[in-house]
Protein chains: 2
Amino acid sequence: MNALKRRILADGKNLGNGILKVDGFINHQVDPQLMDACGREFAARFAHLGATKILTAEISGIAPALTTGQHLGLPVVYARKQKPITMPNEIFLTLTPSHTKGRTVELIVSPEYLGAGERVLIIDDFLASGQTMLGLVRLAQAAGARVVGAGALIEKSFEGGREAVAALQIPFESLVIITGMSDGQIIFAD
Amino acid sequence: MNALKRRILADGKNLGNGILKVDGFINHQVDPQLMDACGREFAARFAHLGATKILTAEISGIAPALTTGQHLGLPVVYARKQKPITMPNEIFLTLTPSHTKGRTVELIVSPEYLGAGERVLIIDDFLASGQTMLGLVRLAQAAGARVVGAGALIEKSFEGGREAVAALQIPFESLVIITGMSDGQIIFAD
């Protein structure tokens, strides 16, 4: 998606070690218009899947998941990383290694909002190693739901995520694919 | 705002001790259409303030802040509760007691995205004691920005937040005001 690619080129920063800083428009400061355009694009690509619910992980998945939900008319569930006091004691929980945090994080969903019969579309900001995406898939499966598709704003194709999600045999779409970040560069596919 | 009030009556739960569970449409599962309507309402009420940026606190402030940003055409900054590796070492940080967590949390903003000359509109999900709102105000002030208004989806008028923000002498708007939650009830103003 050209608008996102242009924005990464203008405002993204390659911090080294495969870390792409997009804090100016996705991860700390959010550009609502850009997120709306990304949500519209996801909605167009996934409209045929008959999804009934969107699933993402807090925190930075929320913005693109919400705008996708707006365009598809679907509720959005964000997996929590800490169990709030409003959540029942029986929960779905999975552990997933966090690339950027250097530790394992919990992903938690309440059975109240994810259950058998749901057709789940997963939306997240990044696809890197794919571990967060696989964690969300495990949560959906634990709930008896079916994952019908998955999307990421930005895929780093050199960290194995595409191969990890390929095993799921579901449609996967990323709006921008970055194929290399060595020597301070940001190289896009195409 | 009637749509939000109706939804609280239909799906909100009074868990006791002043805890209102709105996990089904705001805090864990999000209703994008309802959040869009709330954002449109905030935009209408605050359009005259000439805000240049919206500030909220992760996690549950993100959805209403984002939709308000969509309708006002403004970037949204969400204060982080943990410093990500993409953030510079010089940051604005304030401590604020969390009503629902029973402990103090950090609110962190990067100077990259909040600075002198900004006219800041604060949007959050709840106004309870007002401590999160005041923490966000301190961050904006530390950045040299001016807070021009503040809004919350749901105000619990019996926890002192209105009095706390009144001292700021800025326009404050809540879309729904709850005046009492004793005996399992949810009592609205008006």
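Below is a summary of the structure that appears in this document. (Residues numbered from 1 in each chain as written. Chains lettered and ligands numbered in written order. Predicted model: local features only at pLDDT ≥ 70, side-chain atom pairs only at ≥ 80, totals over all residues. Heavy atoms only, no water.)

## Comments concerning the packing of aromatic side chains
Now for step 1: By the definition in use, this model includes two aromatic pairs over all chains.
Now for step 2: A ring pair is formed by Phe42 of chain A and Phe46 of chain A, whose centres lie 6.0 Å apart and whose planes are at 15 degrees; its orientation type is stacked. With Phe42 of chain A and Phe46 of chain A both in helix 3 (residues 32-46) and four residues apart, this pair spans about one turn of that helix.
Now for step 3: With relative accessibility at 2%, the residue Phe46 of chain A sits in the buried group.
Now for step 4: The ring of Phe126 of chain B is capped by Lys156 of chain B, whose NZ or CZ atom sits 5.6 Å from the centre of that ring. (Phe/Tyr/Trp six-rings, centres within 6.5 Å; stacked < 30°, edge-to-face > 60°. Helix = DSSP H or I, 4+ residues; strand = E, 2+ residues; numbered from the N terminus. Buried < 20%, exposed > 50% of the residue type's maximum accessible area, 1.4 Å probe, protein only. Lys NZ or Arg CZ within 6 Å of the ring centre and 35° of its normal.)

## Looking at the relation of the copies chain B and chain A
Now for step 1: Once chain B has been moved 0.0 Å along the axis and rotated by 180 degrees, it coincides with chain A to within an RMSD of 0.0 Å. This pairing of chains is accounted for by a two-fold axis. By C-alpha distance to the rotation axis, the residue of chain B lying nearest is Ile59 of chain B, at 3.2 Å.
Now for step 2: A shared binding surface is used by both copies, with 100% of the interface residues of chain B retained as interface residues in chain A. (Least-squares fit on C-alpha atoms with pLDDT ≥ 70 in both. Contact = heavy atoms within 4.5 Å.)

## As for the interface of chain B and chain A
The figure often quoted for interface size is the accessible area lost as the parts come together.
Now for step 1: Across the contact, 44 residues belong to chain B and 44 residues belong to chain A.
Now for step 2: Between chain B and chain A, a total of about 3,600 Å² is buried, with carbon and sulfur atoms accounting for 56% of that surface.
Now for step 3: Run the count over chain B and chain A and you get two salt bridges.
Now for step 4: Between Glu112 of chain B and Lys21 of chain A there is a salt bridge; the shortest N-O distance is 2.6 Å.
Now for step 5: The tally of links from chain B across to chain A stands at 25 residue pairs in polar contact (both at pLDDT 80 or more).
Now for step 6: Secondary-structure elements contributing two or more residues to the side of chain B that touches chain A are helix 2 (23-27), strand 3 (29-30), helix 3 (32-46), helix 4 (62-72), strand 5 (76-79) and strand 7 (103-109) of chain B.
Now for step 7: Among the elements that line the side of chain B that touches chain A, the one with the most residues is helix 4 of chain B, at six residues.
Now for step 8: Of the strand pairs in this sheet, strand 5 (residues 76-79) of chain A and strand 3 of chain B are connected by two bridges, and their pairing is antiparallel. (Buried area = accessible area lost by both parts, 1.4 Å probe. Salt bridge = Lys/Arg side-chain N within 4 Å of Asp/Glu carboxyl O. Polar contact = N/O pair within 3.5 Å; in protein donor to acceptor, adjacent residues only side chain to side chain. Pairing = 2+ DSSP bridges.)

## Overview of the sheet that holds strand 4 (residues 53-57) of chain A
Now for step 1: Pairing is mixed across the open sheet formed by seven strands, whose spatial order is 11(A)-10(A)-9(A)-8(A)-4(A)-5(A)-3(B). The strands lining the two open edges of the sheet, one partner per strand, are strand 11 (187-188) of chain A together with strand 3 of chain B.
Now for step 2: The sheet contact formed by strand 4 of chain A and strand 8 (residues 119-127) of chain A spans three bridges and is parallel. Within the sheet, the bridge partner assigned to Ile54 of chain A lies in strand 8 of chain A and is Leu121 of chain A.
Now for step 3: Helix 5 (residues 131-142) of chain A contacts strand 4, strand 5, strand 8, strand 9 (146-156) and strand 10 (172-180) of chain A of the sheet and is inclined by roughly 160 degrees relative to strand 8 of chain A. (Axes fitted to C-alpha atoms, helices over the stretch in contact; angles between N-to-C directions.)

## Remarks on the side chain of Asp23 of chain A
Now for step 1: Structurally, Asp23 of chain A is set in helix 2 (residues 23-27).
Now for step 2: Lacking a salt bridge, the buried Asp23 of chain A has Lys21 of chain A as its closest oppositely charged neighbour, with an N-O distance of 4.4 Å.
Now for step 3: In this structure the side chain of Asp23 of chain A is engaged in a polar contact, spanning 2.9 Å, whose partner is the side chain of Thr86 of chain B.
Now for step 4: Excluding anything up to four places from it in sequence, Asp23 of chain A contacts His28 and Gln29 of chain A together with Thr86, Met87 and Tyr113 of chain B. (Lys, Arg positive; Asp, Glu negative; His and termini not counted.)

## Some remarks on the packing of helix 3 of chain A against helix 4 of chain B
Packed helix pairs are specified by the crossing angle of their axes together with the interaxial distance, meaning the distance between the axes.
Now for step 1: Here helix 3 of chain A crosses helix 4 of chain B at 100 degrees, and the two axes come no closer than 8 Å. Looking at the two axes, helix 3 of chain A sits roughly perpendicular to helix 4 of chain B. For the pair formed by helix 3 of chain A and helix 4 of chain B, the contact residues are Pro32, Gln33 and Asp36 of chain A on the first element and Leu66, Gly69 and Gln70 of chain B on the second.
Now for step 2: Split by residue class, the contact of helix 3 of chain A with helix 4 of chain B holds two nonpolar, three polar and one charged. (Parallel < 35°, antiparallel > 145°, perpendicular 65-115°, else oblique. Nonpolar A, V, L, I, M, F, W, Y, C, P; charged D, E, K, R; others polar.)

## Re the environment of Phe92 of chain A
Residues and elements named next belong to chain A.
Now for step 1: Take Phe92: it is sitting in strand 6 (residues 92-98).
Now for step 2: Here the alpha-carbon distance between Phe92 and Val176, two residues 84 residues apart in the chain, equals 31 Å.
Now for step 3: Residue contacts for Phe92: discarding those within four places in its chain leaves Leu107, Ile108, Val109, Pro111, Leu114, Leu139, Ala142 and Ala143.

## Topic: the sheet that holds strand 9 (residues 146-156) of chain B
Now for step 1: If you trace the seven strands from one edge of the open sheet to the other, you get 3(A)-5(B)-4(B)-8(B)-9(B)-10(B)-11(B), paired in mixed fashion. The sheet terminates laterally at strand 3 (29-30) of chain A together with strand 11 (187-188) of chain B, the two strands that pair on one side only.
Now for step 2: Its contacts with the sheet place helix 1 (residues 2-11) of chain B against strand 9, strand 10 (172-180) and strand 11 of chain B, and it is angled at close to 35 degrees to strand 10 of chain B.
Now for step 3: Lying on the sheet, helix 3 of chain B is in contact with strand 8 (119-127), strand 9 and strand 10 of chain B; it crosses strand 10 of chain B at an angle near 120 degrees.

## Some words on the pattern of salt bridges
A side chain with one charge may pair with a side chain of the opposite charge, provided their charged atoms come close.
All names here are of chain A.
Now for step 1: Applying the stated criterion to the full structure yields 20 salt bridges over all chains.
Now for step 2: In this structure, Arg45 engages Glu41 in a salt bridge whose closest nitrogen and oxygen atoms are separated by 2.8 Å. Residue Arg45 and its partner Glu41 are located together in helix 3, separated by four residues, close to a single helical turn.
Now for step 3: Take Glu41: its relative accessible area is 26%, and that puts it in the partly exposed class.
Now for step 4: Members of the salt-bridge network, linked through shared partners, are Arg7, Asp11 and Asp31.

## Description of the pairing of strand 6 (residues 92-98) of chain B
Residues and elements named next belong to chain B.
Now for step 1: The alternating pattern of strand 6 places Phe92, Thr94, Thr96 and Ser98 on a buried face and Leu93, Leu95 and Pro97 on a face that is not buried.
Now for step 2: Pairing of strand 6 with strand 7 involves seven bridges; the strand directions are antiparallel. Directly across from Leu93, in strand 7, lies its bridge partner Ile108.

## Remarks on unusual backbone geometry
Residues and elements named next belong to chain A.
Now for step 1: Of the consecutive residues Glu58 and Ile59, the connecting peptide bond is found in the cis state with omega at 10 degrees.
Now for step 2: For Ile59, the position within the fold is in the loop between strand 4 and helix 4 (62-72).
Now for step 3: A positive phi angle, close to 55 degrees, is found at Asn17, a residue other than glycine.
Now for step 4: Mapped onto the secondary structure, Asn17 falls in the loop between strand 1 (13-14) and strand 2 (20-21).

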